[in-house]
Amino acid sequence: MPESTPRRSIWARVTGQSPFVVTVFALVLGLVFGAIVIITTTAPVLDAWRGFFHSWGAPGHALKVTADNVGAAYRIMFTGSVFSPATLWHAITTGQGWSNALTPISETLTYATPLTIASIGVGIAFQAGIFNIGANGQAMMGGIAGAYVGTLIHLPMALHLPVTMLAGIAGGVLAGSVPGLLKAYTGAHEVIVTLMFNYVVSAILLYTLLSTALQAPGQQNDIARTLDPSAQLAPLFGVSSGLRVNYGLVIAVLVVLFAWWFLERSSLGFDFRVTGANPQAARASGINAKAVIILVFAISGGLAGLAGVTELAGFYKTLDGGFLVGNAGIGFTAITVSLLGRNRPVGIVWASLLFAALGVGGRAMQAATGIPLDLATVIQSAVVLFVATPVLVKEIFRLRTSPTTALQLATKGWGS
Amino acid sequence: MSLDVTNETATTARIPVGRTRGIGVIMLAIGLFTALVFGVGSGFSAHSSLTFNPVSLTNAPWRIGTLTLLTAWTNVVLGLAIVAMGAHVALRLPRRGVMARFGVVAVLFFFALLLWAARTTGPSQINFVNLTAVLIGSSALAMVLVFGSLSGVMCERAGVVNIAIEGQFIGGAFVGSMVASTTHDFFFAAIVGALVGGLVGLVLAFLSLRYLSDQIIVGVVLVTMLGSLSSYLNLQVLTPFPQYNTGNLAPNLPIPLLSKLPVLGPVFFDQTGFFYLMIVLVALVSFGLFKTRWGLRVRAVGEHPQAAASVGIKVVGVRYANVIMGGAIAGVGGVAFMASQGQFQPGYTSGLGYIALAALIFGRWRPSGAVVASVLFGLSVYLADNLQTYQVPMPTEILGMFPYVITIAVVSGLIGRVRPPAADGLPYRRD
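Cut-offs applied
Residues numbered from 1 in each chain as written. Chains lettered and ligands numbered in written order. Predicted model: local features only at pLDDT ≥ 70, side-chain atom pairs only at ≥ 80, totals over all residues. Helix = DSSP H or I, 4+ residues; strand = E, 2+ residues; numbered from the N terminus. Rg over C-alpha atoms; globule rule 2.2 N^0.38 Å. Contact = placed C-beta atoms within 7 Å. Buried ≥ 20, exposed ≤ 12 C-beta atoms within 10 Å, placed from the backbone. pLDDT = per-residue confidence, 0-100. Axes fitted to C-alpha atoms, helices over the stretch in contact; angles between N-to-C directions. Parallel < 35°, antiparallel > 145°, perpendicular 65-115°, else oblique. Left-handed = near helix turned anticlockwise from the far one by under 90°. Nonpolar A, V, L, I, M, F, W, Y, C, P; charged D, E, K, R; others polar. Expected span 1.5 Å × (residues − 1). Domains from an automatic or database assignment. Pairing = 2+ DSSP bridges.

> Describe the overall build of chain A, listing the residues and the values that go with them.
From N to C terminus, chain A includes 17 helices and two strands. For chain A, whose C-alpha radius of gyration is 23 Å, the value lies close to the compact-globule estimate of 22 Å for 416 residues. Sequence separation of 24 or more characterises 75% of the internal contacts of chain A that already satisfy a separation of 6 or more.

Okay, here's the thing in structure tokens:
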């Protein structure tokens, strides 16, 4: 129902309904939070503040040191993940060094490629009211299956690459189906089951790397054979360009298009969304709840598996014990990306570019300033906390509150 | 919707016949597996030796000799005992105590696994298992899990899902290590840990009660945040200043006389202060929830907040209080974990907080049940981590899956349908 207030400021009109505005403000709050973390933990900044009352110049000095440190961190995050104006200008004026100038954005796209695919998988599950927190394990399983096919079978590329990708999808479907079947038939809550399954798949990864034919010959460590060149995703601009962005990007674009069609145009996608919005209504209208749960997990897991094999074939080329572990765990980042993108394909693309940039920029920041990369994850989770509580963001920035955004439930208790 | 908040036992869910039979069949299968693989499969000449003397002999005026068993026959007997219990459940379909029986089966199974792992073929006795050490080691893990699942009991009985237990563990362990390193005072460390855990609980309560955000999403994101924040701070603070993260093993406080009991003494009465605190907390929470006015109110809020509000209970207030208290308990659990490991390492809680949640479900949202479940899970986590030292002829990675697979089995209700508090995880609006 439109508000009938006659005079609204432009500010109010701009910021009125759009969830995009909340997202932007959440990002601002997240960066502020990150800045506070930097300020309170970086030794030179703390030293400067400790001398705050020691001399007349000290307060100014403290503020300057703070601004320098935080500014440097965020500036390098930007130049390390998007572009650096200096190198870009150099490339434009001299026509040389384009590779150098485009490396940051290429790195971001490389990182965003599997992240987008995995996030789409998580987002489709969210739209059906299911919290698939096991995307990382499913992606890992996709990587394992892809590694088997990509290293132990030898085929011409036209056949090898698709088969490797399909193996990755199959691995993800397999890992996703277990929680799906358990939820459909026993009512087990998917959050705990998928979480535990992540640990199970980690153990499977180590087992396959240490005790099966996958292990590189003559190796004692947890490292696999390298994928055949025919199973690798080639760099998009050729090896000579030095840019790592690869044909996985094409796969990601196709996945986004598929997801948009699936959710907006297909009847199964409609069933998914109805189930997510109102399970009672879905049941009353004859939608088979069990089938939906199983299919959601199959599709979501399959996409996560595809993300894993894309990461392997496009980036790592060799499976090892660190695959998708810790900061590389794209399956966990995918949850936050999907929430930030409001579980919609287009939103997810932007969110995943943003989080990829934060991750890549965080690495550059760590190299240049010594501030740990984990700051990127801290910022990401802060942003998502704010996005999950739009009312709080609106209160902080005095935005108009629309009652519809107040209550948003994606998951419902322990189910059963 | 049933509303038997006054009589807890009356609401215990009846387990359907088919499910009970299924549980019985699973127990039968476990029994057969034990008898055949761990029993017959280990060969009839194999021996397993058990020792009982504690590693630190200060409180052990006693010495117990080594018990040597014929592995195959012992495990066949254990397996048949499990088979008998399974057959009883599958055929007679008892209405109560199915879960407890499953717990017994699990313990027998672990015991058989232990004997099998420690077996030596031939007469020599090089390989042996120190049962007392196994019990002490798993009691440390079980203690942490009890803290976690007590936290879950506090929150979920009031209707809020606290999935951030893992994060509260991490936060508690981090500050606990810093405080214990600088002050060498574990009491103080526990208090600071409780404050941090309570703070995480406050954030969870604030976002999910005031702003009605999804509790599970907020909880998971809080875990991500605390995980990355602790790893950030570890690199930024603890690595350059290692004096803030020194070895902080909590001292044992032996109880006079009782600590000198054989086997039981070192396991129950020669523990750290955290262990005794846990026992006190279990008793307190158990008594408080089921025997006091306060507990009745909390359970009313968790079962039917509208009804509770209509008799004048401040639903949101009760939830705030419980989530903060629950967070504080989990924070202390994090300090206790740190104190049993010696220092803080990022990521070393490896899902214990989630296993604690599963223990809570297995224990049917009751403190006593949570204790039994935590003992079971503690044993399985400990065995998975430590069986490799016994050179088990089984890839250690497969053993590492154990606790997680058992957790999945538990939440899948393989061992009986469980009923959470009716309003668990649902937002409440005053209007």
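> How would you explain the overall build of chain B if you had to name every residue and give the values?
The secondary structure content of chain B amounts to 15 helices and six strands. When each of the 431 residues of chain B is scored for burial, the buried share is 55%.

> Can you tell me about the confidence of the model for chain A, naming the residues and giving the values?
Confidence along chain A averages 88 in pLDDT terms, with 92% of residues attaining 70 or more. Ignoring residues within four places in sequence, the model shows residues 1-5 of chain A, a span with pLDDT below 50, making zero contacts including any to other chains.

> Any chance you could break down the confidence of the model for chain B for me, citing the residues and the numbers?
A low pLDDT score tells you not to read the predicted coordinates there in detail. All names here are of chain B. Taken residue by residue, chain B gives an average pLDDT of 85. The fraction at 70 or more is 90%. When the criterion is pLDDT under 50, residues 1-14 qualifies, and its contacts beyond four places in sequence or with other chains add up to 17 contacts. Scoring of the predicted complex yields 0.88 for pTM and 0.86 for ipTM.

> Explain the interface of chain B and chain A residue by residue, including any values.
Counting residues at the interface gives 43 residues for chain B and 47 residues for chain A. Going through the elements one at a time, helix 7 (215-238), helix 13 (352-362) and helix 15 (396-411) of chain B are the ones with two or more residues in the side of chain B that touches chain A. The element that contributes the greatest number of residues to the side of chain B that touches chain A is helix 7 of chain B, accounting for 15 residues.

> How would you summarise the packing of helix 15 (residues 345-369) of chain A against helix 16 (residues 374-388) of chain A if you had to cite specific residues and measurements?
Residue and element names in this part refer to chain A. Interhelical geometry of helix 15 versus helix 16 gives an angle of 155° and a closest axis separation of 8 Å. In terms of axis orientation, helix 15 runs roughly antiparallel to helix 16. Judged by the twist between their axes, the crossing of helix 15 over helix 16 is right-handed. Between helix 15 and helix 16, the contacting residues are Phe355, Leu358, Gly359 and Gly362 on the first element and Leu375, Ala376, Ile379 and Gln380 on the second. Taken together, the residues of the contact of helix 15 with helix 16 sort by class into five nonpolar, three polar and no charged.

> Could you give me a rundown of the packing of helix 4 (residues 58-81) of chain A against helix 6 (residues 98-127) of chain A, with the residues and numbers involved?
Residues and elements named next belong to chain A. Interhelical geometry of helix 4 versus helix 6 gives an angle of 85° and a closest axis separation of 6 Å. With respect to their mutual orientation, helix 4 and helix 6 come out roughly perpendicular. Where helix 4 approaches helix 6, its residues Thr79, Gly80 and Ser81 are matched on the opposing element by Pro104, Glu107 and Thr108.

> Pulling in residues and values, what's your account of the environment of Ile130(A)?
Residue and element names in this part refer to chain A. Relative to the helices and strands, Ile130 is located in the loop between helix 6 and helix 7 (135-152). Ile130 gets classed as buried once you count the C-beta atoms within 10 Å, which come to 27. In the structure, Ile130 is positioned 216 residues away from Val346 in sequence and 20 Å away in space, judged by C-alpha atoms. When neighbours within four sequence positions are excluded, Ile130 is seen to be in contact with Ala125, Glu190, Ile293 and Val296.

> Break down helix 7 of chain A for me, citing the residues and quoting the values.
Here helix 7 of chain A spans 25 Å end to end across 18 residues, near enough to the 26 Å set by a 1.5 Å rise per residue. Extensive coverage of helix 7 of chain A is indicated by the burial of 17 of its 18 residues.

> Give a description of the domain arrangement of chain B that names residues and reports values.
Residues and elements named next belong to chain B. We note that the domain assignment places domain 1 (15-126) and domain 2 (132-367) within chain B. Taking only C-alpha atoms into account, the centre of domain 1 sits 32 Å from that of domain 2. Residue-level contacts link 10 residues of domain 1 with 11 residues of domain 2. Of the residues in the side of domain 1 that touches domain 2, the class split is eight nonpolar, two polar and no charged.

> Provide a residue-level description of the environment of Gly342(B), including the pertinent values.
All names here are of chain B. Along the chain, Gly342 falls in the loop between helix 12 (315-341) and helix 13. With 15 C-beta atoms counted inside 10 Å, the residue Gly342 sits in the partly exposed group. Sequence spacing of Gly342 and Val263 is 79 residues, and the spatial spacing of their C-alpha atoms is 24 Å.

> Describe the pairing of strand 1 (residues 47-51) of chain B, listing the residues and the values that go with them.
All names here are of chain B. Summarising the sheet, strand 1 and strand 2 (residues 67-70) pair through four bridges and their orientation is antiparallel. Bridged to Leu50 within strand 2 is Leu67. The pairing of strand 1 with strand 3 (residues 119-120) spans two bridges and is classified as antiparallel. Opposite Ser48, over in strand 3, you have Arg119 as the bridge partner. Note that strand 1 and strand 4 (residues 128-130) share three bridges and pair parallel. The residue of strand 4 that forms the bridge with Thr51 is Asn130.

> Lay out the environment of Ala118(A) in plain terms, naming residues and giving numbers.
All names here are of chain A. Structurally, Ala118 can be placed in helix 6. Expressed as a C-alpha distance, the spacing of Ala118 and Thr333, which sit 215 residues apart in the sequence, is 9.0 Å. Apart from the residues lying within four places of it in its own chain, the contact partners of Ala118 are Ala135, Ala139, Leu303, Ala304, Ala307, Ile330, Gly331 and Ala334.

> Got a sec to walk through unusual backbone geometry? Specific residues and values, please.
At Leu324(A), a position not held by glycine, the phi torsion is positive, near 60°. Among the secondary structure elements, Leu324(A) is positioned in the loop between strand 2 (318-320) and helix 14 (330-340). We note that Val263(B) has phi near 55°; this positive angle belongs to a residue other than glycine. By the C-beta count within 10 Å, which is 17 here, Val263(B) ends up partly exposed.

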